[in-house]
Amino acid sequence: MTLTGLQEGVDRILEGGGSDEEILQGVVEALEQLVEHYSWVGIYLVDGDDLVLGPWRGPQATEHVRIPIGQGVCGAAAASGETEVVDDVNADPRYLACFPSTRSEIVVPIFDEGRVVGEIDIDSDRAAAFGENDRAVLERIALQIGPHCRFGVGTD
Ligand code: SME
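Just so it is clear, the model here is predicted, and its values are computed rather than measured. (Residues numbered from 1 in each chain as written. Predicted model: local features only at pLDDT ≥ 70, side-chain atom pairs only at ≥ 80, totals over all residues. Heavy atoms only, no water.)

Caption draft 1: Structural context of the sheet that holds strand S1 (residues 40-47). Within the open sheet, the six strands sit side by side as S3-S2-S1-S6-S5-S4. Their pairing is antiparallel. Only two strands of the sheet have a single neighbouring strand rather than two, namely strand S3 (66-68) and strand S4 (84-86). Taken pair by pair, the neighbouring strands of this sheet meet at an average axis angle of 25°, ignoring direction. Its contacts with the sheet put helix H3 (residues 72-80) on S1, strand S2 (50-57), S3, S4, strand S5 (104-112) and strand S6 (115-124), and the angle it makes with S5 is roughly 35°. Each of S1, S4, S5 and S6 is contacted by helix H4 (residues 132-145), which is oriented at about 35° to S5, the strand it contacts most. (Pairing = 2+ DSSP bridges. Helix = DSSP H or I, 4+ residues; strand = E, 2+ residues; numbered from the N terminus. Axes fitted to C-alpha atoms, helices over the stretch in contact; angles between N-to-C directions. Contact = heavy atoms within 4.5 Å.)

Caption draft 2: Layout of the site of the ligand. Close to the ligand lie 13 residues; Val73, Cys74, Leu96, Cys98 and Glu105 are nearest. Residue Cys74 places a main-chain N or O atom 2.8 Å away from an oxygen atom belonging to the ligand. Between the ligand and Asp123, the relevant distance is 3.2 Å, taken from an oxygen atom to a side-chain nitrogen or oxygen of the residue. Protein chains shield 100% of the accessible area of the ligand, which is 310 Å² for the free molecule. Elements represented by at least two residues in the shell around the ligand include exactly S1, H3 and S6. For the shell around the ligand, the leading source of residues is H3, giving three residues. Grouping the constituent residues of the shell around the ligand by class yields eight nonpolar, two polar and three charged. (Near = heavy atom within 4 Å. Polar contact = N/O pair within 3.5 Å; in protein donor to acceptor, adjacent residues only side chain to side chain. Areas by Shrake-Rupley, 256 points an atom, 1.4 Å probe, with all protein chains shown as cover. Nonpolar A, V, L, I, M, F, W, Y, C, P; charged D, E, K, R; others polar.)

Caption draft 3: Representation of the packing of helix H2 (residues 20-34) against H4 within the structure. Look at H2 against H4: their axes get within 12 Å of each other, and the N-to-C directions meet at 170°. In this view, H2 runs roughly antiparallel relative to H4, as classed from their interaxial angle. Taken as a pair, H2 and H4 cross one another with a handedness that is right-handed. Judged by residue contacts, Leu24, Val27 and Leu31 of H2 engage Leu138, Ile141 and Ile145 from H4. Its residues assigned to classes, the contact of H2 with H4 comprises six nonpolar, no polar and no charged. (Parallel < 35°, antiparallel > 145°, perpendicular 65-115°, else oblique. Left-handed = near helix turned anticlockwise from the far one by under 90°.)

Caption draft 4: Expanded view of the pairing of S2. Across six bridges, the pairing between S1 and S2 is antiparallel. Looking across to S2, one finds that Tyr44 is bridged to Leu53. In sequence, S1 turns back onto S2 through a hairpin of two residues, with Gly48 there showing a positive phi of about 65°. Two strands pair when backbone bridges link them, and S2 and S3 are joined in this way by three bridges, in the antiparallel orientation. Looking at S3, one finds that Leu51 is bridged to Ile67.

Caption draft 5: Region of interest: unusual backbone geometry. In this model, Glu113 sits at a positive phi of 50°, which is unusual for a non-glycine residue. Mapping Glu113 onto the fold places it in the loop between S5 and S6. Non-glycine residue Ala128 carries a positive phi angle of around 50°. Mapping Ala128 onto the fold places it in the loop between S6 and H4. Taking relative accessible area as the criterion, Ala128 reaches 46% and is therefore assigned partly exposed. (Buried < 20%, exposed > 50% of the residue type's maximum accessible area, 1.4 Å probe, protein only.)

Caption draft 6: Representation of the packing of aromatic side chains in the model. Inspection of every chain in the model, using the stated rule, returns three aromatic pairs. Residues Trp40 and Trp56 carry aromatic rings whose centres are separated by 6.1 Å and whose planes lie at 15° to one another, so their mutual orientation is stacked. Here Trp40 is found in strand S1, whereas its partner Trp56 is found in strand S2, with 16 residues between them in sequence. Accessibility expressed as a relative area gives 2% for Trp40, which makes it buried. A relative accessible area of 31% places Trp56 in the partly exposed class. Relative to Phe99, the ring of Trp40 has its centre 5.5 Å away and its plane inclined at 45°; by these criteria the two rings are tilted. You can see Trp40 sitting in strand S1 and its partner Phe99 sitting in the loop between S4 and S5, a full 59 residues away along the chain. Taken as a pair, Trp40 and Phe99 share a single burial class, namely buried. (Phe/Tyr/Trp six-rings, centres within 6.5 Å; stacked < 30°, edge-to-face > 60°.)

Note that every value here comes from positions in space, so none of it alone points to a role or purpose.
Below, the structure is given as structure tokens:
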């Protein structure tokens, strides 16, 4: 796979239209399917002081379907508005464990009109799987999907 191919796939999903939920589901599927080192992909949406799990794709469901902002790697990224890259999840005391196979994680905040409205959370079964290219492509995708992250808020 190439990250360029991923960007093209996401562009096609956005051009294809559909409901916000369908678009976000398509994006998580593209991420999980097209990039070999992405083992589990989910989008969390901000709901008040919490993050609530929206569309996701991976081998297993996570028990962390609601995470207070400020807790875990996910909550840290939502609180700061900065991408978090964790090369070794077992060495990060903030890490909330979901899957025994996970070795590294990236969390990219999603903005809409300057506010954090959600985030892309990706787990990898490979240590230190996420580099600068991953960060750059995912931050661009996060900007593209920001306007599609309103639907889930408050409906949980
Ligand atoms: N590991 C995350 C929790 C979400 S699961 O990875 C899907 C965290 O530390 O916030």
